[in-house]
Amino acid sequence: MTTMNATDLAKALESNNIFSRNGFSREEYIEELLKFQRFASQVILGDETARLDEVIAAVSGAARKNGATGNPDFVAGIRGLKSIEKEIAIHMSGKRAEDEVAHSLTFVDRPFFRDFRNVYVADQETETEIDNVILTNNGIIVVEVKSAKHNITIGEDGRLLYSNSESYHNESIGDKMSAKRRLLKARIESKLRERGLDIPVHIDSYLVFVTPKRLEITITDNFRQEHWCRRGKLQHIVNNFISDVTYTAEEYAQLEEIINDLDCNIRRFPTELDLPAIRDSFVALYDLVSEKPVVSEVKPQATHSVKTQPVQTPKANHAEPQTRPSSKRNIINIAASAAIVLVASVAAVTAAVRSAS
């Protein structure tokens, strides 16, 4: 965890323009979520490649140590992090699904074909973004991509039910697909009229489900009013797509130019989450669990200096015994010298006695 304080953290978030607004295009929103994840991972774990679940685990552990898990700032901060984690999972899953569909379409083999991604169309009342607009010489196919990790039921009212019970959206898929077809057709026809062209616009649509590999997913259609398929079948459907119209090369080129000029990746929508509030709750959470860089609280205690003293004391103790053996050796040397002198004296006296006799 970094040593910056909460004020510095708030300034860093602001200077990096993280969660400073609520309106994003889909691509912008995904990048904004990932930018926050990288920032939070770097601040908490020192590793911007970590995930938010690891960040949540780290701050939860710190809060338990501090006895702060009941603090309102902790509760709000964790709730915010979990909501962002869920958003990342949902939107990354959707993006991966769309990328897989785009990859499948690279295997389409027909002379007149082009795929346009994330096309935005609107009128005075309604707006929508179309995942894929596929142009062929036999008409146009609108594609709506759905990532599915559980069994799916398309209810009689057109709602998509995951695990046969939970509905992510209350809107009927029939109404949704009808709006996409209607808005796209109206926009293309308007552009054709501007060019003085009378080309029939035929639009079909498919709901495309992308499921994980090696996972058996059941799809039950009780609605039976919209075409749908699994991702693996889409390229075959496009290859074999026919209708009651066949565009000439010139008509196809006109339609291609019109669709190419439509806006892509520009739809900005308000997020359901209050991102600025989540940003602020993260700052408060960080302030709660981070170690405060207050000198008086983290300075080494007096006991540290006490610990260093005994280390020097034994050295002094070792030095004292070294002087004692030295004194003993001096005494022994003196005694030895005295003995030698005594022996020499005795020898001299003995010699003198012998000479006298």
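Reading guide: rules and limits
- Residues numbered from 1 in each chain as written.
- Predicted model: local features only at pLDDT ≥ 70, side-chain atom pairs only at ≥ 80, totals over all residues.
- Heavy atoms only, no water.
- Pairing = 2+ DSSP bridges.
- Helix = DSSP H or I, 4+ residues; strand = E, 2+ residues; numbered from the N terminus.
- Axes fitted to C-alpha atoms, helices over the stretch in contact; angles between N-to-C directions.
- Contact = heavy atoms within 4.5 Å.
- Core = buried A, V, L, I, M, F, W, Y, C linked by side-chain atoms within 4.5 Å.
- Buried < 20%, exposed > 50% of the residue type's maximum accessible area, 1.4 Å probe, protein only.
- Left-handed = near helix turned anticlockwise from the far one by under 90°.
- Expected span 1.5 Å × (residues − 1).
- Phe/Tyr/Trp six-rings, centres within 6.5 Å; stacked < 30°, edge-to-face > 60°.
- Polar contact = N/O pair within 3.5 Å; in protein donor to acceptor, adjacent residues only side chain to side chain.

Draft legend 1. Representation of the pairing of strand S2 (residues 113-122). Two strands pair when backbone bridges link them, and S2 and strand S3 (residues 127-136) are joined in this way by nine bridges, in the antiparallel orientation. Along S3, the bridge assignment pairs Arg-117 with Asn-132. The turn joining S2 and S3, which pair antiparallel and follow one another in sequence, is formed by four residues.

Draft legend 2. Geometry of the sheet that holds S2. Strand order across the open sheet formed by five strands is S2-S3-S4-S8-S10, with mixed pairing between neighbours. This sheet does not close on itself; its edge strands, each paired only once, are S2 and strand S10 (228-230). Each adjacent strand pair in this sheet contributes to an overall mean axis angle of 35°, direction not counted. Along the sheet, helix H4 (residues 72-105) makes contact with S2, S3, strand S4 (139-147) and strand S8 (203-210), crossing S2 at roughly 145°.

Draft legend 3. Region of the structure containing the nonpolar core. Judged by nonpolar contacts, the single largest core of 35 residues is most densely connected at Phe-36, Leu-81, Ile-84 and Phe-282. Taken together, the elements giving at least two residues each to this core come down to helix H1 (6-15), helix H2 (26-45), helix H3 (52-66), H4 and helix H8 (275-289). For this core, the element with the highest residue contribution is H8, accounting for eight residues. Not counting chain neighbours up to four residues away, the residues in contact with Phe-282 comprise Leu-9, Leu-13, Phe-36, Phe-39, Ala-40, Ile-44 and Leu-81.

Draft legend 4. Geometry of the side chain of Ser-60. Take Ser-60: it is sitting in helix H3. Accessibility expressed as a relative area gives 12% for Ser-60, which makes it buried. Residues within four places of Ser-60 in sequence aside, it is in contact with Phe-74 and Ile-78.

Draft legend 5. Expanded view of the packing of H2 against H3. At a minimum axis distance of 9 Å, the contact between H2 and H3 shows a crossing angle of 35°. In this structure, the crossing between H2 and H3 has a hand that is left-handed. Across from Phe-36, Gln-37, Ala-40, Ser-41, Ile-44 and Leu-45 in H2, the residues of H3 making contact are Leu-52, Glu-54, Val-55, Ala-58 and Val-59.

Draft legend 6. Structural context of H8. For H8, spanning 15 residues, the distance from its first C-alpha to its last is 21 Å, which sits close to the expected 21 Å at 1.5 Å a residue. Among the residues of H8, those classed as buried are Leu-275, Ile-278, Arg-279, Ser-281, Phe-282, Val-283, Leu-285, Tyr-286, Leu-288 and Val-289. The secondary structure elements touched by the buried residues of H8 are H1, strand S1 (23-24), H2, H3 and H4.

Draft legend 7. Molecular detail of the packing of aromatic side chains. Applying the stated criterion across every chain, the model contains five aromatic pairs. Put simply, the rings of Phe-19, Phe-36 and Phe-282 pair up and form one aromatic cluster.

Draft legend 8. Broad picture of the side chain of Thr-271. Structurally, Thr-271 can be placed in the loop between strand S11 (269-270) and H8. Its relative accessible area of 12% is what places Thr-271 among the buried residues. Reaching out from Thr-271, the side chain makes a polar contact with the backbone oxygen of Leu-273 at a distance of 2.8 Å. In this view, Thr-271 contacts Asn-22, Phe-24 and Tyr-29; residues no more than four positions away in its chain are not counted.

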